[in-house]
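# Reading the structure
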Amino acid sequence: MKAVVVGAGVAGTAAALCLAEGGAEVSVVDGARGATALSSGAWDVASVSSGSPLADLSLADRLRTFAEARPWHPYARVEAVVEAVSRAHCSVLNALGAYRPLDLDSPGVRIATDHGVIRRVATIEESMLDLDEAPDGLVAVAHFRGHRACDGAALARALGEDSGAAGLSFVDIPVEFLGRKNDVQLGGHEVALLGDAADARLRLAAVLRRALPGTTPHAWLLPAVLGMDFDDPAALLRDAVGGPVGEVAGTTGGAQGARLTRRLAASRAAADVTDIVARASAIDGASVALSDGNCLDADVIILATGSALAGVIVASGGVLVEPITRTPVVLESFGTLTAPGAAFASGVTVDDGLRLLGEDGRRVGDGVFACGAILAGVSYADGTGLGASVTTGWLAAEAALAG
Ligand SMILES: Cc1cc2nc3c(=O)[nH]c(=O)nc-3n(C[C@H](O)[C@H](O)[C@H](O)COP(=O)(O)OP(=O)(O)OC[C@H]3O[C@@H](n4cnc5c(N)ncnc54)[C@H](O)[C@@H]3O)c2cc1C
């Protein structure tokens, strides 16, 4: 089977990995970046705010509750959603090799964001700190003295005031790490690149050890700057400091999204998936036309081009359509745009097997599927983030392999 996936975010990569595992010859077409590159090391599957009555439920129970409450969301249309999420994540997280396995019987992992919010997410990149591992609930918020991109004192204060901070206290500890005069002006991702230098992590471990106040046990929370090149960038620090050390969930467009993008590319390469740097300009039932004039024939085509509101939407004949397939972009069952954030959930429609549907509600072709944030009903604001994209990507590929 020949398969072409359009879009190399988490959804497209999950689809590509599943297709490759099933024996298909897979190409992934992309020439830019999408939301995946902007995400942090915190992986959402069915996240809620700390104050929600659902916050203490297991992820599995939250998934079921979420699917019941939002019949328009792809989760609600998946048979045995918990098993499907588990199956997809087991394979994809394993291929990425840098995230904790997903434990759907747990309420997830408690993390801090660099905006001073504490929340539970489904899983995390190994680089990040699990706040529940902090000895005595005491967390040292380390920051590099003078570094303009991170105000450690404000961060520690905000985290201490967050409603999710029960049982935790935060102390800010400036450390001397940025040696050169202009280093204090560097962005987080630039400091992360510095962190790849051979001796930088050892030096950071030494300054953390020196800065540790007395013998009080601490977990160290660091900005998202622990290098770009390592599978577990916090490992050396944990060994050196002798306790939990990890990053906050980082800012949009920072080191964690960049590391995920690199790992997705590496996982595709390891699965013998061919990456093609190009934009798709049109899809019919059996081929993908590229903007460089080439055309790829395929038995299966998977559309994984990300949120319609991120630019993949055009007006045509008085209706909004997805530009490559010319299929309508709808709000699924929302009806109006009056609900907060509702527009983010606009997208293309699919049948229960994730086959793309056209204007007349009929399949565009038996071999054309869609997945990820391009689907109607999926929103950046709904707490299903990377998890919904991976799950629908994996399921679209399973459906394609099943024929
Ligand atoms: C700022 C931000 C922060 C977020 N943070 C988190 C987070 O911390 N945790 C979390 O779980 N979720 C987070 N999310 C949500 C999550 O990132 C998205 O839901 C998920 O990445 C969507 O994945 P996707 O593969 O469907 O789409 P995308 O990642 O957007 O991938 C779509 C890909 O398709 C490509 N593409 C588009 N058109 C074409 C074309 N014509 N030809 C070829 N390629 C094309 C794009 O270049 C892009 O690479 C965040 C979202 C945003 C916007």
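Residues numbered from 1 in each chain as written. Predicted model: local features only at pLDDT ≥ 70, side-chain atom pairs only at ≥ 80, totals over all residues. Heavy atoms only, no water.

### Here's the deal with the nonpolar core
If you look at soluble globular proteins, the nonpolar side chains tend to sit buried side by side. Definition in use: What is meant by a nonpolar core is a set of buried Ala, Val, Leu, Ile, Met, Phe, Trp, Tyr and Cys residues, joined one to another through side-chain atoms within 4.5 Å. With a 1.4 Å probe rolled over the protein chains alone, any residue whose accessible area is under 20% of its type maximum counts as buried; one over 50% counts as exposed, and the rest are partly exposed. Contacts are assigned to residue pairs with any non-hydrogen atoms lying within 4.5 Å of each other.
Counting residues in each nonpolar core, the largest one holds 77 residues, and the members touching the most others are Leu-19, Trp-43, Val-45, Leu-63, Tyr-75 and Ile-302. Apart from residues no more than four positions distant in its own chain, Leu-63 is found in contact with Val-45, Ala-46, Tyr-75, Val-81, Val-82, Val-85 and Leu-104. In this structure, Ala-205, Leu-208, Trp-220 and Val-241 belong to the second largest nonpolar core, which totals 22 residues.

### Overview of the domain arrangement of the protein chain
We apply this condition: Domain borders in the structure are assigned automatically or taken from a domain database. Here the buried area means the combined drop in accessible surface, using a 1.4 Å probe, for two parts upon being joined, counting both sides. A side-chain nitrogen of Lys or Arg and a carboxyl oxygen of Asp or Glu constitute a salt bridge if their distance falls within 4 Å. Any N or O atom pair separated by 3.5 Å or less is treated as a polar contact, with the protein-specific requirement of one donor-capable and one acceptor-capable atom, and with residues adjacent in sequence counted only for side-chain atom pairs.
Parsing the protein chain into structural domains produces domain 1 (2-102 + 258-402) and domain 2 (129-248). Here the C-alpha centroids of domain 1 and domain 2 sit 34 Å apart. Across the contact, nine residues belong to domain 1 and 13 residues belong to domain 2. Between domain 1 and domain 2, a total of about 760 Å² is buried, with carbon and sulfur atoms accounting for 34% of that surface. In terms of surface lost to domain 2, no three residues of domain 1 exceed Arg-100, Arg-259 and Arg-262, which account for 61% of the buried area on that side. On the surface where domain 1 and domain 2 come into contact, there are four salt bridges. As a salt-bridge pair, Arg-100 and Asp-130 come within 3.1 Å of each other at their nearest N and O atoms. Across the domain 1-domain 2 interface, the total number found is five residue pairs in polar contact (both at pLDDT 80 or more).

### Description of the pattern of salt bridges
Any two side chains of opposite charge can pair, on the condition that their charged atoms come close. Condition: Working definition: helices are DSSP H or I runs of at least four residues, strands are E runs of at least two. Numbering for both runs from the N terminus.
Enumeration according to the criterion identifies 19 salt bridges in this entry. In this structure, Arg-279 and Asp-30 form a salt bridge, with 3.4 Å as the shortest nitrogen-oxygen distance. Residue Arg-279 is found in the loop between β11 (274-277) and β12 (280-284), and its partner Asp-30 is found in strand β2 (residues 25-30); the two are separated by 249 residues along the sequence. The partner of Asp-229 in a salt bridge is Arg-262, with the nearest N and O atoms 2.9 Å apart. Highlighted residues: Asp-229 in the loop between β9 (219-222) and α8 (235-241) and Arg-262 in helix α9 (residues 255-270), separated in sequence by 33 residues. On the accessibility criterion, Asp-229 (54% relative accessible area) is exposed. Owing to a relative accessible area of 41%, Arg-262 belongs among the partly exposed residues under this scheme.

### A look at unusual backbone geometry
With phi around 55°, Asp-136 is a residue other than glycine that occupies positive phi space. Structurally, Asp-136 is set in the loop between β6 (123-124) and β7 (138-144). With a relative accessible area of 69%, Asp-136 lands in the exposed category. In this model, Leu-354 sits at a positive phi of 65°, which is unusual for a non-glycine residue. For Leu-354, the position within the fold is in the loop between β17 (319-321) and β18 (368-370).

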